[in-house]
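Here's the letter readout for the chains.
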Amino acid sequence: NAGVTQTPKFQVLKTGQSMTLQCAQDMNHNSMYWYRQDPGMGLRLIYYSASEGTTDKGEVPNGYNVSRLNKREFSLRLESAAPSQTSVYFCASSESGGFGGYTFGSGTRLTVV
Amino acid sequence: TQLLEQSPQFLSIQEGENLTVYCNSSSVFSSLQWYRQEPGEGPVLLVTVVTGGEVKKLKRLTFQFGDARKDSSLHITAAQPGDTGLYLCAGQDDKIIFGKGTRLHILP
């Protein structure tokens, strides 16, 4: 019962480097989400995918891109990392619309220096 | 813009005490969820409340959804160190919005 699996757990990047955060869920959920969590700011939605083949911007999409690779996998890419992207990133999944609640991964702690 | 205000932001109490934390909004939600997040982990869903006035119990935790479906409370009876964590509420209408959380610390 893995739920939502995120990799890597920790990452340090230099300004300008790129990387992709990986997320996979094994619950056959239709919807997947990427959030960032910062002190004092709470959870903020970056991008979401309501169903396989669709993606939409959330509250803070600038500097990020996403790919819904298949029903299980939803990746988040930083093309040119900036210090402002230092954060903890969470992937989540849900049945359509999230009415029954979200299942979150354990997070990726990203530091951009 | 829909907002969920959680209070208090921080709470530190002794083991065995009772406490209540609040989640308030000016918006009506079709459902409201409560999560607990421990350090280094993602939030874990505790409960979803759907009907105005609904009360749900999870062992020593009691969740209530306001009659107007704009607010909710979480009451913990006889708090234990294992209750320590960040408690998040999330309101859902056409989208889900999260409050910033109440950080609870139970002292042994």
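Residues numbered from 1 in each chain as written. Chains lettered and ligands numbered in written order. Predicted model: local features only at pLDDT ≥ 70, side-chain atom pairs only at ≥ 80, totals over all residues. Heavy atoms only, no water.

A. Inspection of the nonpolar core at higher detail. Formed by 22 residues in total, the largest nonpolar core has its most connected members in B:L19, B:L32, B:W34, B:F63, B:L74 and B:I76. For this core, the elements supplying multiple residues, two or more each, are β3 (19-24), β4 (31-37), β5 (44-49), β7 (61-65), β8 (71-76), β9 (85-92) and β11 (102-107) of chain B. Dropping the residues within four chain positions of it, B:L32 is found in contact with B:C23, B:V47, B:T48, B:V49, B:F65, B:S72, B:C89, B:A90 and B:G91. Core analysis: the second largest hydrophobic core is formed by 19 residues, A:C23, A:W34, A:Y47 and A:L76 among them. (Core = buried A, V, L, I, M, F, W, Y, C linked by side-chain atoms within 4.5 Å. Buried < 20%, exposed > 50% of the residue type's maximum accessible area, 1.4 Å probe, protein only. Helix = DSSP H or I, 4+ residues; strand = E, 2+ residues; numbered from the N terminus. Contact = heavy atoms within 4.5 Å.)

B. Region of the structure containing the sheet that holds strand β1 (residues 4-7) of chain A. All names here are of chain A. Spatial ordering of the open sheet is given by β1-β3-β8-β7, a layout of four strands whose pairing is antiparallel. Among the strands making up the open sheet, the edge pair consists of β1 and β7 (64-68). Within this sheet the neighbouring strands show an average axis-to-axis angle of 15 degrees, counted without direction. In this structure, β7 lies alongside strand β8 (residues 74-78), joined through five bridges in antiparallel fashion. Bridge assignment links R68 to a residue of β8, and that residue is F74. (Pairing = 2+ DSSP bridges. Axes fitted to C-alpha atoms, helices over the stretch in contact; angles between N-to-C directions.)

C. Broad picture of the side chain of A:R68. Residues and elements named next belong to chain A. For R68, the position within the fold is in strand β7. For the buried residue R68, which engages in no salt bridge, the nearest side chain bearing the opposite charge is E52, 6.2 Å off. Here S49 takes part through its side chain, which lies 2.7 Å from a polar atom of the side chain of R68. From its side chain, R68 meets the backbone oxygen of N70 in a polar contact 3.0 Å long. (Lys, Arg positive; Asp, Glu negative; His and termini not counted. Salt bridge = Lys/Arg side-chain N within 4 Å of Asp/Glu carboxyl O. Polar contact = N/O pair within 3.5 Å; in protein donor to acceptor, adjacent residues only side chain to side chain.)

D. Highlighting the sheet that holds strand β6 (residues 55-58) of chain B. Residues and elements named next belong to chain B. Taking strand neighbours across the sheet as the criterion, the five strands line up as β1-β3-β8-β7-β6 in an open arrangement whose pairing is antiparallel. Of all the strands in the sheet, the pair left with one neighbour each is β1 (5-7) and β6. Geometrically, the sheet is characterised by an average inter-axis angle of 15 degrees between neighbouring strands, direction not taken into account. Pairing between β1 and β3: three bridges, direction antiparallel. Paired with E5 across the two strands is N24, which belongs to β3.

E. Broad picture of unusual backbone geometry. Omega for the bond connecting A:T7 with A:P8 falls within 30 degrees of zero, at -5 degrees, which places this linkage in the cis form. Of note, A:P8 is situated in the loop between β1 and β2 (10-13). Residue B:S7 is joined to B:P8 through a cis peptide bond whose omega torsion reads -10 degrees. Within the secondary structure, B:P8 sits in the loop between β1 and β2 (10-14). Despite not being glycine, A:N28 has its phi angle at roughly 60 degrees, a positive value. Overall, A:N28 belongs to the exposed group, its relative accessible area being 53%. Residue B:R69 is not a glycine yet carries a positive backbone phi of 60 degrees. On the secondary structure map, B:R69 appears in the loop between β7 and β8.

F. The environment of A:K9, seen in detail. Here A:K9 lies in the loop between β1 and β2. The spacing of A:K9 and A:V113 is 104 residues in sequence and 17 Å in space, taken between C-alpha atoms. In contact with A:K9, other than residues within four places in its own chain, are A:S106, A:G107, A:T108, A:R109, B:G40 and B:E41. Among the polar contacts made by the side chain of A:K9, one reaches the side chain of A:S106 at a distance of 3.4 Å.

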